Amino acid sequence: MFRNIIHLHIPAFPIEVARVVEPRLRGRPVAIAPPHSHRSLIVSVSLEARREGIFKGMALHQAKALCPHLELLPPNPELTTRAFRALIALVRHYTPVWEPSRPGHIYLDLTGTGRLWGKPRDAAWRLNREIRSRLDLQGVAGIATNKMVSAIASRTLSPKQEIMDVECGQEESFMAPLKVVMLPGIGRFQLRMLLQDLEIIRIWQLAALDMESLRLIFGSRAPVIHQRAHGIDPTPVYPAPSRPVVSEEILFAEDDNDNERLLAALYHLVERCARRLRERGAYPQRVGLLLRYSDTMEIKRRMRLPSLTYWDFELYPHLKRLFFSACIRRTRVRFMKIWFWDFFYEDNQLCLFEQPCPKAEKNKAIVQALDKIRARYGEKAIGYAKAA
Amino acid sequence: MEIKTQIDKLLAVVSKAQSIVERRSNMPILSAILLVADDGGIAVSATDLQMAFQETIEAEVISKGAVAISGRKLYEILKESGSSRRENEEAWIHIKGEANNWVHISDGRAKFRIAGYPPEEFPSFVEPEDCILVRLDAPKINEMIKKTIYAVTLEEAGFKLSGLFAEKIQKPDQASNGDSHLLLRMVGTDGHRLSLIDKEFEGLESLELPKGVMIPKKGVMEISKLSADGDVIEMGFKQNSCIVKKDSATLAIRLLDTKFPDYHAVIPKEMSHRAEINRLELLHAMKKMLILASDRYRAVKMAFDDSGLTLVSTNPELGEAEERIEVRLPDGEAGWSEGGVELAFNARYFVDVLQVMESEDIQLGFIDNSRPCVITGEADEGFLGLIMPMRL
């Protein structure tokens, strides 16, 4: 059975979301880059800015030299996440099988929904209309029988086009004239080898190579590249994971690389998570920490907790260790997120051999008192000085 | 090496040995069983480095030597060869070691050529010297293990409790003044429940067990298997090892060097309430309550009042279950206080303890809903089970 996959894509998603909040930005060249340093790199570019020669990854000072009236915005992950959640809430009515790949990009598997939504092209058109009317965002959609071709199709659209439908059986002929750089899974080194040494520019040239030749370039990944060059991608649309997670994040008002201040923020995040864990009676078994630096580089660390606990003072040492394993650069930190998952729920079973530890008991009593005060007077009513 | 022996005899030994071999070890040799052919027959050995087993059986030794072969595969070959023979047919197995550690096995019909391991790599079986072995009643040992092992966990619940605690205790004789008699005590716990049993043995004073020892759960299971058939086993402790012998089989177990918690402190001395219940009635009722239990909702509420005991299991995701059981008050026991007594327990813990007990009627003793419930039975002499309640 042929699949009907739609790759829904909002070009320059963070900028489009910022334009919804600030309509004066519409029609102007806009870019998103971390502030405070002229050496920081552009992370998102609007179509107008692209026409001025600005591209993603360009240094900020170069972009300003090219386009002096460029509107620069700082990254706002909270707003982007909120907008993406709203987008997901809208698309999930169309199919139960959808996969968010990254902010502004969603795969929808519409296989078998023909009687409900009609042809995939009609469903995509209806979806785009709904996104425009309800979220004030302009989406584009690539339709194909697999994820890879649908994603590539959504990237080949001209600014005035909304939908690219690659019909079943046309995948290879659609891919053939495209540049090899469009094909996923080709690294920088391999691309240079293809373009410079072998003069392979188009995908049809790559598809014409036999497996032995591909193996010389791509090694063990040759069969996958061979499939992709012929427009074949058996990867399923993975439904979004529904595992329960307790997470907290902070976007620093100013990027910071002072460990003391970063650890204070970390303690505050741990406190907030731990309080939610206690309310749920859930002991996390795993924890993760993400640091995003000024230059948008992210470092993620995860660990399994050695003991079951939901007390701040017992969780914090593990997070502190994770922090020091992730905070290994001199660059300033912009964003920090912690999350707990894989829960074990307390079952109220009493223990025969309680080992009372006076210090831990005292700390637990303090935390419980803080919880009571916060429940009555609000989150900011009281806190540890070290988390201030 | 080349031998010929009866399948049944070898299968009986290999089935004991193959439960010891390590299946997921990063040392491949530990998944093997060592067969050493000598004048006296063949010695079958297995080890996981924490425990070692060796047993000698009679065999026709054609040439001396040793082979090490996958325990699991040898067991499967012997099992299938034994079951495929005709009735009253005497089945023999022929094992021959070949060059490069290949082993040739034949049962007269099927032939196997299996890649073995270098026998010289097999860890040597070292039995502690001067270990005094005491002859103990095997059924009694088996009963002690059966009645305590259920409470032992493989998980670490705060303390390292993955073993059975054994010690010698002096118990005052109730019949005579000042006299006391020596008992062997075994205690198992997982931190939520505890099982304890005392038994008297002849010759116990010779057993070198000055302090208590912790025998790992896997080792206890093997002792139980050895003592399951037969009247007597020999047991001794030396150099952090426990040695158990029965006929030509020897089991050496490395003891756990962790401290067992102070279990005396958690055994209640006085009870506020006592109740006498038919064991099987309570067991079946608890099993019914378990039907609705899940990982998140394990508690069964036990409400005692003058008219009996009501068991209630509630699972918001599934529904509710309720059963009433008749309860008798022991002689001299005052009735239940106004409104009765309500406690909650994990039904699984009750099922485990009631299944191993033998008494027709059992006695439950409580203090309050924060201290353990004590379970005893007249026919279960020396046995005591403790279960901690759950918060209501």
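Residues numbered from 1 in each chain as written. Chains lettered and ligands numbered in written order. Predicted model: local features only at pLDDT ≥ 70, side-chain atom pairs only at ≥ 80, totals over all residues. Heavy atoms only, no water.

Counting its regular elements, chain A contains 15 helices and 12 strands. Within chain A, the proportion of its 388 residues that are buried is 46%. Long-range pairs, those at least 24 residues apart, make up 65% of the contacts in chain A between residues at least 6 apart in sequence. In the structure as shown, chain A presents an accessible area of about 20900 Å², 52% of it carried by carbon and sulfur atoms. (Helix = DSSP H or I, 4+ residues; strand = E, 2+ residues; numbered from the N terminus. Buried < 20%, exposed > 50% of the residue type's maximum accessible area, 1.4 Å probe, protein only. Contact = heavy atoms within 4.5 Å. Areas by Shrake-Rupley, 256 points an atom, 1.4 Å probe, with all protein chains shown as cover.)

Another aspect to go through is the overall build of chain B. Helix and strand counts for chain B come out as 6 helices and 25 strands. Put simply, chain B has 392 residues, and 52% of those count as buried. Restricting the contact set of chain B to residue pairs at least 6 apart, pairs at least 24 apart contribute 66%. Accessible surface, chain B: about 19200 Å² in total, of which carbon and sulfur atoms supply 45%.

It is worth spelling out the interface of chain A and chain B at this point. Note: interface size is frequently given as the accessible area lost on complex formation between the parts. Counting residues at the interface gives 10 residues for chain A and 22 residues for chain B. Overall, the association of chain A and chain B removes approximately 1500 Å² of surface from exposure, summing both partners, and the carbon and sulfur fraction of that is 63%. On the surface where chain A and chain B come into contact, there are 0 salt bridges. At the boundary of chain A and chain B, one finds 4 residue pairs in polar contact (both at pLDDT 80 or more). Its residues assigned to classes, the side of chain A that touches chain B comprises 5 nonpolar, 3 polar and 2 charged. (Buried area = accessible area lost by both parts, 1.4 Å probe. Salt bridge = Lys/Arg side-chain N within 4 Å of Asp/Glu carboxyl O. Polar contact = N/O pair within 3.5 Å; in protein donor to acceptor, adjacent residues only side chain to side chain. Nonpolar A, V, L, I, M, F, W, Y, C, P; charged D, E, K, R; others polar.)

Residue and element names in this part refer to chain A. The topology assignment puts Phe323 in helix H14 (residues 312-326). Among the residues examined, Phe323 registers a relative accessible area of 0% and is labelled buried. Residues Phe323 and Leu262 lie 61 residues apart in sequence; the distance between their C-alpha atoms is 9.1 Å. With residues near it in sequence (within four places) discarded, Phe323 still touches Asn259, Leu262, Leu263, Leu266, Leu289, Leu291 and Met336.

The next thing to look at is the sheet that holds strand S3 (residues 44-45) of chain A. Residue and element names in this part refer to chain A. Spatial strand order, S3-S2-S4: 3 strands in an open sheet with mixed pairing. Pairing within the sheet leaves two strands with one partner each, and these edge strands are S3 and strand S4 (71-73). In this fold helix H1 (residues 13-21) packs onto strand S2 (30-32), S3 and S4, with an angle of close to 115 degrees to the strand it touches most, S2. (Pairing = 2+ DSSP bridges. Axes fitted to C-alpha atoms, helices over the stretch in contact; angles between N-to-C directions.)

This part takes up helix H9 (residues 188-197) of chain A. Residues and elements named next belong to chain A. Within the sequence span of H9, burial applies to Gln190, Leu191 and Leu194. The buried residues of H9 occupy one face: seen down the axis, they fall within an arc of 105 degrees. Looking at H9, the residues exposed on the side facing more than 90 degrees away from the buried face are Arg188, Phe189, Gln196 and Asp197. (Arc of directions from axis to C-beta.)

Grouped together as the largest cluster of nonpolar side chains are 101 residues, with contacts concentrated most on Ile95, Ile223, Leu282, Phe304, Leu311, Phe350 and Leu364 of chain B. Looking at this core element by element, the count peaks at 7 residues for helix H6 (residues 347-356) of chain B. Leave out the neighbours within four places in its chain, and Ile95 of chain B touches Met1, Glu2, Ile3, Leu10, Leu35, Val67, Leu74, Val103, His104 and Ile105 of chain B. Of all hydrophobic cores here, the second largest spans 38 residues; its members include Val246, Leu266, Leu305 and Leu315 of chain A. (Core = buried A, V, L, I, M, F, W, Y, C linked by side-chain atoms within 4.5 Å.)

Time to look at the side chain of Ser81 of chain B. All names here are of chain B. Looking at where Ser81 falls in the secondary structure, it is placed in helix H2 (residues 71-83). You can call Ser81 buried: its relative accessible area is 5%. Within the local environment of Ser81, its side chain forms a polar contact with the backbone oxygen of Ile77, the two atoms lying 2.8 Å apart. Of note is the side chain of Ser81, whose polar atom sits 2.9 Å from the side chain of Asp107. Apart from the residues lying within four places of it in its own chain, the contact partners of Ser81 are Ile7, Ile93 and Asp107.

All names here are of chain B. With 12 residues, helix H5 (residues 279-290) should cover 16 Å at 1.5 Å per step; its first-to-last C-alpha distance of 16 Å lies within 8% of that length. Residues of H5 that are buried: Arg279, Leu282, Leu283, Ala285, Met286, Met289 and Leu290. Down the axis, H5 shows its buried residues gathered within 170 degrees of arc, on one side only. Residues of H5 that are buried make contact with strand S18 (273-278), strand S19 (299-305), strand S20 (308-315), strand S21 (319-325), H6 and strand S23 (361-366). Where H5 begins, the capping side chain belongs to Asn278, and its oxygen is found 3.1 Å from the backbone nitrogen of Leu280. (Expected span 1.5 Å × (residues − 1).)

Another aspect to go through is the packing of helix H3 (residues 138-146) of chain B against helix H4 (residues 217-228) of chain B. How two helices sit against one another is set out by the angle between their axes and by the gap between those axes. Residues and elements named next belong to chain B. Taken N-terminus to C-terminus, the directions of H3 and H4 make an angle of 145 degrees; their axes are 8 Å apart at the nearest point. For H3 against H4, the interelement crossing comes out left-handed. Together, Ala138, Pro139, Ile141, Asn142 and Ile145 of H3 and Val220, Ile223, Ser224, Ser227 and Ala228 of H4 make up the contact between the two elements. Residues of the contact of H3 with H4, tallied by class, amount to 7 nonpolar, 3 polar and no charged. (Left-handed = near helix turned anticlockwise from the far one by under 90°.)

Residues and elements named next belong to chain B. By the definition in use, this model includes 45 salt bridges over all chains. The partner of Lys64 in a salt bridge is Asp39, with the nearest N and O atoms 2.9 Å apart. Here the residue Lys64 occupies a position in the loop between strand S5 (60-63) and strand S6 (65-70), and Asp39 occupies one in the loop between strand S2 (32-38) and strand S3 (41-47), the gap between them amounting to 25 residues. Its salt-bridge partner being Glu143, residue Lys199 comes within 3.4 Å of it at the nearest N-O pair. A residue pair is termed long-range when its members are at least 10 positions apart, and Lys199 in strand S13 (residues 193-199) and Glu143 in helix H3 qualify at 56 residues. You'll find Lys199 and Glu143 in the same group, each marked buried. Through salt bridges that share partners, Glu143, Lys147, Lys199, Glu358 and Asp380 make up one connected network.

Residue and element names in this part refer to chain B. Here we have 5 strands laid out as an open sheet, ordered S5-S1-S7-S8-S9, and antiparallel in their pairing. The strands lining the two open edges of the sheet, one partner per strand, are S5 and strand S9 (111-115). Shown here is a sheet whose adjacent strand axes are inclined to one another by a mean of 15 degrees, direction ignored. Judged from the 4 bridges that link them, strand S7 (residues 92-97) and strand S8 (residues 102-106) form a sheet pairing that is antiparallel. Its bridge partner lying in S8, Ile95 is registered against Ile105. Across the sheet, helix H1 (residues 7-18) lies against strand S1 (2-6) and S7, angled at about 95 degrees from S1, the strand it touches most. The sheet contacts of H2 involve S7, S8 and S9, and relative to S7 the element is tilted by about 150 degrees.

Residues and elements named next belong to chain B. Side chains Val134 and Leu136 of strand S10 (residues 134-137) all project onto a buried face; the interleaved residues Arg135 and Asp137 project onto a face where none is buried. For S10 and strand S15 (residues 232-238), the ladder comprises 4 bridges, and the chain directions are antiparallel. From the neighbouring strand, Val134 faces S15, where its bridge partner is Met235.

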